[in-house]
Amino acid sequence: MAVRDGGISRRQMLKAGGAIAVAVGGCDPIGAVGAFAASPMAPRPIASPREVLALDQGWRFFEGDIPFPEILSQDDSYDNAKAGKAWGAAAPSFDDSDWADVRLPHDFVSFQPIEADANRAQGYRRRGIAWYRTVLRFDPADQGRHIELQIDGIATHATLWFNGTVVDRNWSGYNGITIDLTPFATFGDDLNTLAIRVDAHAMEGWWYEGGGLYRPVRIVKRDPVHIITDGVYAHPVPQGDGWVLPVEVTAYNSGKNPAAMMVVSTLEDADGRVVASGQAPVSITPLDQGVARLDLGVANPRLWSVEAPTLYRVQTRLMAGDRCVDAVTTTCGFRTTRFDKDKGFFLNGRPLKIKGVCVHQDHAGVGTAIPDALWDYRIRRLKELGCNAIRCTHNAPSAVVLDLCDRHGLLVMDENRQFNPSPDTLAQLEWMVRRDRNHPSVILWSVFNEEPMQGSAAGYEMVRRMAHAVKALDTTRPVTAAMNGGLFTPVNVSQAVDVVGFNYQQDKYDAFHAAHPDVPLISSEDTSAFSTRGAYVTDKDSRTIAGYDDPVKDWNTHRAAWKAIATRDFIAGGFVWTGFDYHGEPSPWGWPSNSSFYGIMDLCGFAKAAFHIHQAQWVTDRPVLALVPHWNWAGREGRPVKVMACGNMEEVELFLNGRSQGRQAVDPYEMNHWMVAYAPGRLEAVGYAGGKVTARAQVETTGPAAALRLTPDRDRLRGDGLDATPVMVEAIDAQGRPVPLAQDMVTFTIEGGDIIGLGNGDPNSAAPEKGTRRALFNGLAQVIVQTRAGSRGALTLTAIAPGLKSASARMAVEAAAAPTEQATAPSDLILDTWYAAPPAATMEGALAYRDADMTAWDDFGTRWAHDPQTADGYTLCSVRFTPQAKVGRQGGRVAFLSLVGSCDVYEGGRLLGRKTAAPPGPLTVALAPGAGVRRLDVVFRTPAGAEFGFSRNVAVRQA
C-alpha cells in the first residue's frame, strides 16, 4: 500500500524530489511460471527458495449439487460444530472415486448443450452447481514452510473446504483467491483434501460467464518469513531529469520468532544488465506484516510505448544475512501518461489517440477456460487490427492478459466488476489494483459500467469511496467510470472521477465539454454495431446481418462512432464494443442466436468487414486496403452489388475484370463505395498515394469447393501440456482459392495432441463446441489443439469432408518441461472411529468378540493411542465401513499410518497382515473387491500398562 503523509502519497512526493538508495546484494529470484516463459521479459527459471507448483491435474468433478445430510442426533450436532468435521461432499472421507477426472482450467458450462429454455444472456447454456475435489500430498520436509493455495478465478460463488474445515467463501467469479493452508496442512502419508462447491446459478453479468475453476490454480510453498502475494509494488515515476523506481515490499512472518530481514531489489534491463540496486531493512513480528521501502534511481531508461514495449525486470530478494529466504521477479515499464482536458491522452509526452476495443474473456470452443497461448493469439489479432488499447469488460482480466498487453504494447482500462463500496466488494477492487498496479499497460482504473445510480448523490458517494480505495494503493493512474447517463444531474458520478467515460453518448460530447471544460473525457464504450461474418444481406428469418456497417434500428456504426472521436481532440479515444464476438447477449435477434453480433471479429477471431474498416482508420505505419464483399453472387448477374473499399491511402480505384468502375478520393471515416453490376470474375481495388500505386486488393469468383485447407496460427509448439494453437479450416476450389460460401461438415482426427475446442463464428449455431466435428460457416471453421505433457516430435491434425480432398497440418512439437506439479492422490476413506472390545486373556478370546455388537464397546479415535489395559492379554478393535465405489469394484488397500503395539489384521476371519514389533509403525494390507458394509478387526497384544491402538489415521485407499 502506498504510504500516505497528510493525504499526499509517497509517489507524489517523489515527483518533487527524494533520496535515492543504491546498493548491491542478493540471490536469484523467481516469479510465477507462465506459458510464455521464453519471452524476453518473462520471469527467468532460476533458483529460488519458494516453490510455485501447478495444481491443474488430479481434480475430480461432479456436475450438480450434493445435498448435505440432515443433522439430527446429539453426537452429529456436536461434531458439526467442530473444525474438520464437514459433511457430505466436503468431508475428507467422501467417496468421489466415480467422479469425472478433469484438468484445469475447466469451464463446465462450455460443455453444456445450447437450449432454447436456458438463460438468453448466458448464451442459452445451463449453469448450475458443481463440485471439484482433489487430494494433496505434502512432503514431510514441507513442515514449517508457509503453504498457500492460489486460485486465479472461480465462476461464480464458491465455498472451499480444506481437510473438512471451511477456509474461504468467495462472492465473485473474477477475483483471485489466496488461502493460507499452513495451519490446516498435514504431511507425509496424512493426505489433505480440498473440496470446492461452485454455485454458477449466481450471475454477475449479462453475457456468457462460464462456470467452475476456469483460471489457473497453484500451490506456493515459501519460508515462514516471505514476500506476500502481490507484495512487490514497483512502478516507475519521473523525477527531475531522470526517473525513480519506488519499490515497496510487504513481507509476512508466519513463524514463531521475530525476524529482522534485508530487502534487496535489483533492476535489470531486457538484456539482463543491472541498471540499479538498493536495499532496505524490514522487521516482522510473528503473524504480522512488515513493509520495506527503497528507491532506485535510473538516469535514462528506454521507454515503454505501444510501438516499442520495453520492459525491465525487478528482482526482489528477502535476505537473512547471506541467506535468501524468498525472492520474486516482477516486470515494470518506464512511461508517462496524461489525460488532458483539451488534447486528450498523452503517452511519454506525445499525444496518442486511444484506438481501443472492449473484450470479454471467452473464445469459441473453450468458453472462459482459455489457454495462455490462445490469449496470445487474440492479443496479436488486435495488434494486427491497429488497435492500441483494450478495455477489460466488465471485470478484472486473467493475469496473463495484462502480461501480454505489457509485452505486445496495448494500453489497458482495467475494470472492476461490482459497483459496491461494502467490505466484501471493496476488497475485490483493492485486490485488482494491488495485483495489476505494476503493469505499464494499465492506464486507467474503471470502477463501474452503466450503473443506474450514476446520476444520483448515492452513486457519487459510492464512487467517492471506491476511488479513495484505489488511490490508497495507486496514485499514478486516474480513476474513471463508464457512464451511459446522468451526466448533467446536479450531483453525479462524473464529479467523483478523474476522467469521465462516455458510453454511447456521442451527441453529448460537445455539450459536456462546454459545461465542464476542465474535465478529461474518453469514450469508454461506443459503436455496438451488428454484423455477421461473411454475410452481406440482412435477413431476419436466417438471423443474419449484413457486414457493410449499415445501421440497424438507427443505431451506431463503426464509421460514425470513430469519426465522432477522431474529429475531437478533447476526446482521448474510444473503446469499440467489441473486439471479438462473445457467447451470450445475442442481440438483436434472440433464439436461435446464442452469441453476440457486435465483434470486429467473430468468436474465432476471424475478420469481419469491420476489421478492414478499423484497419483503414487506425493503421498509419503501412498501407492497408481490403474489398468487401466476396464475389460469389450466382443468380444475381447484371444486378447491382454494393462494394466497399477500406483503405488508408489518398485515392482508390475499383476494377471489374479490368474495367474501371471509378476512382475516388479515400474517405478516412466513411470508406469508399460503388454499386457494381455483378458479373463473375475478378474485382480489384488499387490504392494510390502521391500518384503511385501503394496497395492492391482483390476478390474473385471461385469454383465449387474441391478440397480442405488447414492453417495453424503457429507451426511450432511446446510439448509442455499447456501450449495450444488455433487452426483455421477452409474450403478451397480447384485453384486453391477460399470458397466464401462453403458450409461443409468437417470431421477431424489428431495425433500427438488433443482437440480442446471447435468453432466457426456462426452466432446462430447450436452445434457442440467439443468433439471432432464442425461445419464450416461462410467458408471457415477453427480447431483448437493442445500438446500433451512430455510430448515431442509432431502434432498432426487431419480434416475430412464428403466430396472434398482431405487436408493435414503438421505442427512441430519441441520438448519442453511442464510446470512442476503439486503431488495429488485419489481420495482416501479415513477410518477414524474404532471400537475396542473388553480385554481378553487369550487371542481366541479376543477373536470371539468378532460376532458381537461393537456399538456397545468403548469408542476411540485414531490420533491418540488407547489407554493401557490393567492386565496382560489381547484387545480386539473393530470398525465398520463402506468402501469407495472404485475400491468395491477393483479392490484397494488399508494403510495404517502408525499402529501402536503388535497386532493381527483380519477381515471376515481372513488374516490380512501382521505387525510383530511393539513400537509405533506403519502397516499396509490389501483389501479384496467387495461392495457393501465391510468390517476390519485388529487384535492387539496388550501387555499391562502398554499403550496400543493408532497414533495416526487409518486410510482405505484405491489400488
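Criteria and thresholds
- Residues numbered from 1 in each chain as written.
- Predicted model: local features only at pLDDT ≥ 70, side-chain atom pairs only at ≥ 80, totals over all residues.
- Heavy atoms only, no water.
- Salt bridge = Lys/Arg side-chain N within 4 Å of Asp/Glu carboxyl O.
- Helix = DSSP H or I, 4+ residues; strand = E, 2+ residues; numbered from the N terminus.
- Buried < 20%, exposed > 50% of the residue type's maximum accessible area, 1.4 Å probe, protein only.
- Pairing = 2+ DSSP bridges.
- Axes fitted to C-alpha atoms, helices over the stretch in contact; angles between N-to-C directions.
- Domains from an automatic or database assignment.
- Polar contact = N/O pair within 3.5 Å; in protein donor to acceptor, adjacent residues only side chain to side chain.
- Contact = heavy atoms within 4.5 Å.
- Expected span 1.5 Å × (residues − 1).

Draft legend 1. Up close: the pattern of salt bridges. Tallied over the entire structure, the rule returns 58 salt bridges. The shortest N-O distance in the salt bridge between Arg-145 and Glu-51 comes to 2.6 Å. Here Glu-51 lies in strand β3 (residues 51-54) and Arg-145 lies in the loop between β6 (129-136) and β7 (146-151), a separation of 94 residues in the sequence. Given the relative accessible area of 17%, Arg-145 is considered buried. Residue Asp-271 is joined to Arg-273 by a salt bridge in which the shortest nitrogen-to-oxygen separation is 3.1 Å. A relative accessible area of 57% places Asp-271 in the exposed class. On the accessibility criterion, Arg-273 (51% relative accessible area) is exposed. Through salt bridges that share partners, Asp-549, Asp-550, Arg-559, Lys-642 and Glu-670 make up one connected network.

Draft legend 2. Layout of the sheet that holds strand β35 (residues 659-665). Read from one edge to the other, the open sheet built from four strands follows the order β35-β34-β37-β38, with strand pairing classed as antiparallel. This sheet does not close on itself; its edge strands, each paired only once, are β35 and β38 (692-700). Between one strand axis and the next, the sheet turns by 20 degrees as a mean value, whatever way the strands run. In terms of strand pairing, strand β34 (residues 651-656) meets strand β37 (residues 682-689) through six bridges, oriented antiparallel. Counted as the bridge partner of Glu-653 is Val-686 from β37.

Draft legend 3. Quick look at the sheet that holds strand β51 (residues 858-861). Spatial ordering of the open sheet is given by β51-β50-β52-β57-β54-β55, a layout of six strands whose pairing is antiparallel. Every interior strand has two partners, whereas the edge strands, β51 and β55 (910-915), have only one. Averaged over all pairs of adjacent strands, the angle between strand axes in this sheet comes to 25 degrees, irrespective of strand direction. Sheet topology note: the strand β54 (residues 903-907)/strand β57 (residues 934-942) ladder contains four bridges and is antiparallel. Directly across from Cys-903, in β57, lies its bridge partner Phe-940.

Draft legend 4. Here's a closer look at the domain arrangement of the chain. Assigned domains of the chain: these are domain 1 (51-222), domain 2 (225-332), domain 3 (338-622), domain 4 (639-696), domain 5 (707-814) and domain 6 (828-958). The C-alpha-based centres of domain 1 and domain 4 are spaced at 58 Å.

Draft legend 5. Representation of the side chain of Gln-782. Looking at where Gln-782 falls in the secondary structure, it is placed in strand β45 (residues 780-786). Within polar-contact distance, the side chain of Gln-782 engages the backbone oxygen of Cys-604 at 2.8 Å. Those residues in contact with Gln-782 that sit more than four places away from it in its chain are His-363, Tyr-377, Cys-604, Phe-606, Pro-726, Val-727, Val-729, Gly-757, Leu-758 and Gly-759.

Draft legend 6. Representation of the pairing of strand β16 (residues 259-268) within the structure. Of all 10 residues making up β16, eight are buried, and the element is well covered by its neighbours. Both β16 and strand β17 (residues 274-284) contribute to a ladder of 10 bridges, which runs antiparallel. Bridge pairing links Ala-259 to Ile-284 in β17. Hairpin connection of β16 to β17: five residues between the antiparallel strands, including Gly-272 at a positive phi of 85 degrees. In this sheet, strand β19 (residues 312-320) lies alongside β16 in antiparallel orientation, the contact comprising seven bridges. What sits directly across from Val-264, in β19, is Arg-317.

Draft legend 7. Representation of helix α5 (residues 423-436) within the structure. Spanning 14 residues, α5 covers 20 Å between terminal C-alpha atoms, matching the ideal 20 Å at 1.5 Å per step. Among the residues of α5, Thr-425, Leu-426, Gln-428, Leu-429, Trp-431, Met-432, Val-433, Arg-435 and Asp-436 are the ones counted as buried. As for α5, its buried residues are in contact with β13 (225-234), α4 (399-408), β26 (411-415), β27 (442-449) and α6 (457-473).

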